[in-house]
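Results of the structural survey
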Amino acid sequence: MATTTSMASFSYNRKCTAPLIRLLSILFAASVISGEPPSVVPSACKRAYGVGGGSFTEEFCLSALTGHSVGAADNADLALFTVDLAAANATATEAKIDSLLGGSGAASEGLRSCRALYDAAVHVYLPDSHAAVKDGKYVDAKLYLSKTAQVPVDCERWFKQRNVASPIDKEDDNLAKLANLAIALTSIA
Ligand SMILES: *[C@@H]1O[C@H](CO)[C@@H](O)[C@H](O)[C@H]1NC(C)=O
């Protein structure tokens, strides 16, 4: 009697386990496809934050990289992705500066100097950074990314020295953090 019971429950378990495993693998595949953070992102952000010298938070890294970088396999991929994100950012900021330059406020002179700085970031430093990361030339990449990180600092300086509110302080802050994140990811690639 006891044997029959345990046989019954054994076959019951086997019938249940196969669909359960199938369900779990479907859920796993779905979570990967829907862009849940691939496991490389949290650990990369923890390490990048560790070498970032406080220039960005771990949360900034997670929010910048999560949900976009499903195809990223390693830190070099994430660095390249971050360079492209910074390029999109700087390009959008350049367009914003152009629209602000239409007016004739107290900030015009500062905005013109920022325009020249962002132009160099968009057309020289970031394309050079992209090519260097892609080719695995990480020393060169860090040099170009450092030049990129300097752009928002120099841009903000004009406004700080004159006590004029910067109309692009948020954008400058974003570009500085993205460039420093890219440097950190490059140094752990
Ligand atoms: C610029 O970067 C910030 C921080 O990652 C992000 O929130 C914002 O959407 C980006 N903007 C563009 C235009 O890429």
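Going by the structure above, here's the rest.
Figured I'd write up the structure that's included with this text. (Residues numbered from 1 in each chain as written. Predicted model: local features only at pLDDT ≥ 70, side-chain atom pairs only at ≥ 80, totals over all residues.)

1. Quick word on the overall build of the protein chain
Scanning the protein chain from N- to C-terminus turns up seven helices and zero strands. In the protein chain, the order of α-helices and β-strands from amino to carboxyl end is α-α-α-α-α-α-α. For the protein chain, the proportion of its 189 residues judged to be buried stands at 33%. Summarising the internal contacts of the protein chain: among those between residues at least 6 apart in sequence, 70% fall at separations of at least 24. (Helix = DSSP H or I, 4+ residues; strand = E, 2+ residues; numbered from the N terminus. Buried ≥ 20, exposed ≤ 12 C-beta atoms within 10 Å, placed from the backbone. Contact = placed C-beta atoms within 7 Å.)

2. Things to note about the site of the ligand
In the vicinity of the ligand, the residues found are Ala64, Ala88, Asn89, Ala92, Asn174 and Leu178. For the shell around the ligand, the leading source of residues is helix α4 (residues 75-101), giving three residues. When grouped by side-chain class, the residues that make up the shell around the ligand number four nonpolar, two polar and no charged. (Near = placed C-beta within 6 Å. Nonpolar A, V, L, I, M, F, W, Y, C, P; charged D, E, K, R; others polar.)

3. Regarding the environment of Glu58
By the secondary structure assignment, Glu58 is in helix α3 (residues 58-65). With 123 residues separating them in the primary sequence, Glu58 and Leu181 have C-alpha atoms 9.6 Å apart. With near-sequence residues (within four places) excluded, Glu58 lies in contact with Cys45, Lys46 and Tyr49.

4. Details of the packing of helix α2 (residues 40-51) against helix α7 (residues 169-187)
At a minimum axis distance of 9 Å, the contact between α2 and α7 shows a crossing angle of 105 degrees. On the basis of the axis angle, α2 is roughly perpendicular to α7. Residues Ala44, Ala48 and Val51 of α2 form the contact with α7, whose own contacting residues are Leu181, Ala184, Leu185 and Ser187. Tallied by class, residues from the contact of α2 with α7 come to six nonpolar, one polar and no charged. (Axes fitted to C-alpha atoms, helices over the stretch in contact; angles between N-to-C directions. Parallel < 35°, antiparallel > 145°, perpendicular 65-115°, else oblique.)

5. Overview of the packing of helix α5 (residues 108-134) against helix α6 (residues 138-162)
Contact geometry for α5 and α6: axes closest at 8 Å, N-to-C directions at 170 degrees. In terms of orientation, α5 lies roughly antiparallel with respect to α6. Relative to α6, the crossing made by α5 is left-handed. (Left-handed = near helix turned anticlockwise from the far one by under 90°.)

6. Things to note about the nonpolar core
Grouped together as the largest cluster of nonpolar side chains are 45 residues, with contacts concentrated most on Cys61, Ala86, Ala179, Leu181 and Ala182. Where this core is concerned, the elements lending two or more residues are α2, α3, α4, α5, α6 and α7. Here the element with the most residues in this core is α5; it accounts for 10 residues. Sequence-distant contacts of Ala86, defined by excluding residues within four places in its chain, comprise Leu126, Thr148, Leu175, Leu178, Ala179 and Ala182. (Core = buried A, V, L, I, M, F, W, Y, C linked by C-beta atoms within 7 Å.)

7. A few points about α2
Helix length check: α2, at 12 residues, gives a terminal C-alpha distance of 17 Å against a target of 16 Å (1.5 Å per residue), a fit within 8%. Looking at the buried residues of α2, the elements they touch are α3, α4 and α7. Following α2 by one or two positions, Gly53 adopts a phi angle in the positive range, close to 60 degrees. (Expected span 1.5 Å × (residues − 1).)

Without other data, these values stay purely geometric and don't point to any function.
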